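The chain contents come next:
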Amino acid sequence: MYIPLLALCLISFWTVTSPAKSPSYAPRRTSCPTGTFVRPATSLSPNESDYVSLRRSNTTSLRSESLLKFVDSPRLGIPREKLESYVTNTTTALAFSGGGYRAMLNAAGIFTALDSRTSESKFAGLLQGMDYLTGLSGGSWMVGSSAVNDFATVPSLRANTWQLHKDLVTPGGVGDTLAYLDSIRSQVVQKDHAGFTTTITDYWGLALGRQLVNRQKGGVNTTWSGIRDVESFRNASMPFPIVVSDGRRIGEVLAESNATIYEFNAFEFGTWDRELRLFYPMEYLGTSMDDGKPRNQTCASGFDYAGFVMGTSSSLFNNIVAAIGKNVSGIEGATLRDIVAPILEGLTEGGDDIAEYPNPFQGYNPENNSVTDYSTLELVDGGEDSQNIPLWPLLQPERQVDVILAIDSSANTEYNWPNGSSLVHTYRRINNNASYIDTLSFPSVPGFDTFVELGLNQRPTFFGCDGRNHSGAGLPPPLIVYLPNTPFDYYTNTSTFQLRYKDAELDGFVSNGREQVAQGADKGWSECLACAILQRARERMGDIVGYGDGRCRDCFQSYCWNGTVVGGGGRGGVYAPHLKNGSDVTYQQQEEMLKGDKLSGKY
């Protein structure tokens, strides 16, 4: 009896009908402030500038104190007053790549290890010392989930927000799944009835919201612009959060060279890309605009639901369709797959595997506006252009970022490990585009095969150590500290499409993240990371040339890519690492232990 009912309910889940009772997901219509909304991207927004300045002010010293504590090592031989000057004049960032829950949980381990509230290691407080925090796709889930919950710690998120033991698509048995899907459907209908176009990303974002934002119906009143109202943001005690998405025009196949990279921050939505370079107030997204002004004298409010923003950054539905049969739980998998997959395939074939936003830049400065004639913007997963680490916002000269900790949880290889592809594609985007090479710069990086053959994808590597050596005509590029997902005491190469995790798996990811930050027993690693953080400030102040001297020179000789290239442009050989802690446990054995709950409490 339940099979026809399941089919009917799941089909109605994708059909506009009368909304059931549930918290309203519909954006509201409000009065508009006067003036032009659109801002040319000729500088940082005043609000962002104020935030960054506040983090460095005498009244808000947590940022500087955290960095100073980390870099103050007797072995570096740098006088205290010099260190204080360097820290004051250094801009730092932490970037979390995409990769579904694998990326989010690897990021969670790194986040925990760097967070002074949850760690007592040498690295504790580096999170608070960062100026910027960026996320893409699965990485945006870590950034967003923490930020909208007042920059909650990972233990707090696990206890109060995350429900990763429930499958993201089918969270329980038949009854629970039907109620869950019907509740989400009714919320999407509310938005549709309010006059806003809905797409598959609305469903995806609402599902994510219940896992990452708020357990009670997803916290649909929690907006991305609302981050500015949480206490940690008001007092500027945490880094400035940004998530990334790609714009896709009709008929376009995305590549690193043609994607328009949009960013969402607490104040604005927009892009630094040369064919647009415009920003718009985040809280008024969803408003119909013409030439920088509201078309109907009314503004939308609440369109920027936090789950929808994170869903926009992670909307890879064509791949989810292919994997959906493997992701069901607590319900007949074949039945669910047979019902849902054709529906999703129909949507993706029709081009609806996107997030649709009313175009805030329509009609504005048409001579230099590549989307001036579009009434809507189609946004997709931020990694569809193969730039899976969200570096682009951090490369803009207006932000003057000096060092980026680039956390790569990509699945570029056969066994779901990274191979440096994201860095390669960002390098190509700048160097193959004349409009960028004159203003932006990026460190030289090798090809995919060199990453694998030289082991650069299984240990930290610094790119851009000497600020004098870089591509492009702009400022010296940020020094990139590349930290790839690597198994120390737990295999963290789960599938991008695994949508449910046991507590033991979360424990394993967090433990492994701590080990990645500490690099196991490498006691000199923390000093070398400190050298990387200080490098650009020391160069700028004329205190060093090249690798410098003393301990930092030794560090750079150990960790900087030295220009060696191997192979012929492929993606490297088979990469199947073992645990670095010396254990002989294999990935397959770990999976068997998880099935038998034999890993519970191990970490």
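Residues numbered from 1 in each chain as written. Predicted model: local features only at pLDDT ≥ 70, side-chain atom pairs only at ≥ 80, totals over all residues. Heavy atoms only, no water.

## Notes on the overall build of the chain
Here is step 1: Of the regular secondary structure elements, the chain holds 21 helices and 16 strands.
Here is step 2: For the chain, with 603 residues in total, the buried portion stands at 60%.
Here is step 3: Surface exposure of the chain reaches about 21,900 Å², of which carbon and sulfur atoms provide 49%. (Helix = DSSP H or I, 4+ residues; strand = E, 2+ residues; numbered from the N terminus. Buried < 20%, exposed > 50% of the residue type's maximum accessible area, 1.4 Å probe, protein only. Areas by Shrake-Rupley, 256 points an atom, 1.4 Å probe, with all protein chains shown as cover.)

## Here's the deal with the packing of aromatic side chains
Here is step 1: All chains considered together, the criterion is met by 37 aromatic pairs.
Here is step 2: Summarising the aromatic geometry, the rings of Phe 463 and Trp 561 are spaced 6.1 Å apart at their centres and angled 50° between planes, so their arrangement reads as tilted. Linking Phe 463 in strand E15 (residues 461-463) with Trp 561 in the loop between helix H20 (550-559) and helix H21 (587-595), this pair joins segments that are 98 residues apart in sequence. Just as Phe 463 is buried, Trp 561 falls in that class too.
Here is step 3: Ring geometry for Tyr 491 versus Tyr 587: centroids 5.9 Å apart, planes at 85°, classification edge-to-face. Taken together, the residues span a long stretch of sequence, with Tyr 491 in the loop between strand E16 (479-484) and helix H18 (503-518) and Tyr 587 in helix H21 at a distance of 96 residues.
Here is step 4: Residue classification places Tyr 491 among the buried residues on the basis of a relative accessible area of 3%.
Here is step 5: One aromatic cluster in this structure is built from Phe 196, Tyr 262, Phe 264, Phe 269, Phe 303, Phe 308, Tyr 357 and Phe 361.
Here is step 6: In this structure, Lys 191 is placed above the aromatic ring of Phe 303, and the distance from its NZ or CZ to the ring centre is 4.3 Å. (Phe/Tyr/Trp six-rings, centres within 6.5 Å; stacked < 30°, edge-to-face > 60°. Lys NZ or Arg CZ within 6 Å of the ring centre and 35° of its normal.)

## Focus: helix H5 (residues 100-114)
Here is step 1: The terminal C-alpha atoms of H5, which comprises 15 residues, lie 21 Å apart, in line with the 21 Å expected from a rise of 1.5 Å per residue.
Here is step 2: With 15 of 15 residues buried, H5 lies mostly within the body of the structure. (Expected span 1.5 Å × (residues − 1).)

## A few points about the packing of helix H4 (residues 80-88) against helix H19 (residues 525-540)
Here is step 1: Contact pair H4 / H19: the axes reach a minimum separation of 9 Å and the direction vectors enclose 95°. By the angle class used here, H4 and H19 are roughly perpendicular. Residues Leu 83, Tyr 86 and Val 87 of H4 touch H19, and the partners they reach there are Leu 534, Ala 537 and Arg 538. (Axes fitted to C-alpha atoms, helices over the stretch in contact; angles between N-to-C directions. Parallel < 35°, antiparallel > 145°, perpendicular 65-115°, else oblique. Contact = heavy atoms within 4.5 Å.)

## Side note on the packing of H5 against H18
Here is step 1: Between H5 and H18, the shortest axis-to-axis distance is 7 Å and the interhelical angle comes to 55°. Relative to H18, the element H5 is oriented oblique. With respect to the hand of their crossing, H5 and H18 are arranged in right-handed fashion. Facing Arg 102, Leu 105, Asn 106, Gly 109, Ile 110, Thr 112, Ala 113 and Leu 114 of H5, the residues of H18 in contact are Leu 506, Phe 509, Val 510, Gly 513, Arg 514, Gln 516 and Val 517. (Left-handed = near helix turned anticlockwise from the far one by under 90°.)

## Remarks on the environment of Thr 222
Here is step 1: Checked against the element boundaries, Thr 222 lands in the loop between helix H10 (200-212) and helix H11 (231-234).
Here is step 2: A residue is classified by how much of its surface remains accessible, and Thr 222, at 22% relative accessible area, is partly exposed.
Here is step 3: Between the alpha carbons of Thr 222 and Gly 209 there is a distance of 9.2 Å; along the sequence they are 13 residues apart.
Here is step 4: Apart from the residues within four sequence positions on either side, Thr 222 is in contact with Val 148, Val 213, Asp 304, Tyr 305 and Ala 306.

## Observations regarding the confidence of the model for the chain
Here is step 1: Residue-level pLDDT values for the chain average 87, and 87% of them are 70 or greater.
Here is step 2: Segment residues 324-333: pLDDT under 50, and 27 contacts once partners within four positions in sequence are set aside and those in other chains are kept.
Here is step 3: Note on residues 346-350: pLDDT is under 50 here. Beyond four places in sequence and across chains, it has seven contacts. (pLDDT = per-residue confidence, 0-100.)

## Observations concerning the state of the cysteines
Here is step 1: According to the stated counting rule, one finds four disulfides in the structure shown.
Here is step 2: Through a disulfide, Cys 32 is tied to Cys 299; the S-S separation comes to 2.1 Å. The disulfide joining Cys 32 to Cys 299 has a torsion of about 125° about its S-S bond and is therefore right-handed. Here the residue Cys 32 occupies a position in the loop between strand E1 (28-31) and strand E2 (39-40), and Cys 299 occupies one in strand E11 (residues 298-301), the gap between them amounting to 267 residues.
Here is step 3: Residue Cys 32 is classed as partly exposed on the basis of its relative accessible area, which comes to 23%.
Here is step 4: For Cys 299, a relative accessible area of 0% puts it in the buried group.
Here is step 5: Across a sulfur-sulfur distance of 1.9 Å, Cys 465 and Cys 560 are joined as a disulfide pair. Classification of the bridge connecting Cys 465 and Cys 560 rests on its S-S torsion, roughly -105°, and on that basis the disulfide is left-handed. A residue pair is termed long-range when its members are at least 10 positions apart, and Cys 465 in the loop between E15 and E16 and Cys 560 in the loop between H20 and H21 qualify at 95 residues. (Disulfide = S-S within 2.5 Å.)

## A look at the pattern of salt bridges
Here is step 1: All told, the structure shown has 22 salt bridges when counted by the stated rule.
Here is step 2: When the shortest N-O distance is used, the salt bridge between Glu 268 and Arg 39 registers 2.8 Å. Of this pair, Glu 268 sits in strand E7 (residues 268-271) while Arg 39 is found in strand E2, placing the two residues 229 residues apart along the sequence. The burial state of Glu 268 is the same as that of Arg 39; both residues are buried.
Here is step 3: In this structure, Glu 263 and Arg 399 form a salt bridge, with 2.8 Å as the shortest nitrogen-oxygen distance. Highlighted residues: Glu 263 in strand E6 (residues 260-265) and Arg 399 in the loop between strand E13 (376-380) and strand E14 (403-408), separated in sequence by 136 residues. No difference in accessibility class separates Glu 263 from Arg 399, as the two residues are buried.
Here is step 4: Sharing partners across several salt bridges, the network here consists of Glu 48, Glu 263 and Arg 399. (Salt bridge = Lys/Arg side-chain N within 4 Å of Asp/Glu carboxyl O.)

## Observations regarding the environment of Ala 504
Here is step 1: When you line up the elements, Ala 504 lands in helix H18.
Here is step 2: Separated by 90 residues in the primary sequence, Ala 504 and Leu 594 have C-alpha atoms spaced 7.5 Å apart.

## Some details on unusual backbone geometry
Here is step 1: The backbone of Arg 277 shows a phi angle near 50°, a positive value even though the residue is not glycine.
Here is step 2: Its location among the elements puts Arg 277 in the loop between E7 and strand E8 (278-281).
Here is step 3: Here Asn 416, not a glycine, exhibits a phi torsion of approximately 65°, which is positive.
Here is step 4: Tracing the backbone through its elements, the reader meets Asn 416 in the loop between E14 and helix H15 (421-431).

## Digging into the environment of Pro 241
Here is step 1: As for its position among the elements, Pro 241 is in strand E5 (residues 240-247).
Here is step 2: For Pro 241, a relative accessible area of 0% corresponds to the buried category.
Here is step 3: As a C-alpha pair, Pro 241 and Phe 151 span 90 residues in sequence and 9.9 Å in three-dimensional space.

## Looking at the side chain of Ser 232
Here is step 1: The topology assignment puts Ser 232 in helix H11.
Here is step 2: Those residues in contact with Ser 232 that sit more than four places away from it in its chain are Tyr 51, Asp 150, Phe 151, Ser 237 and Met 238.

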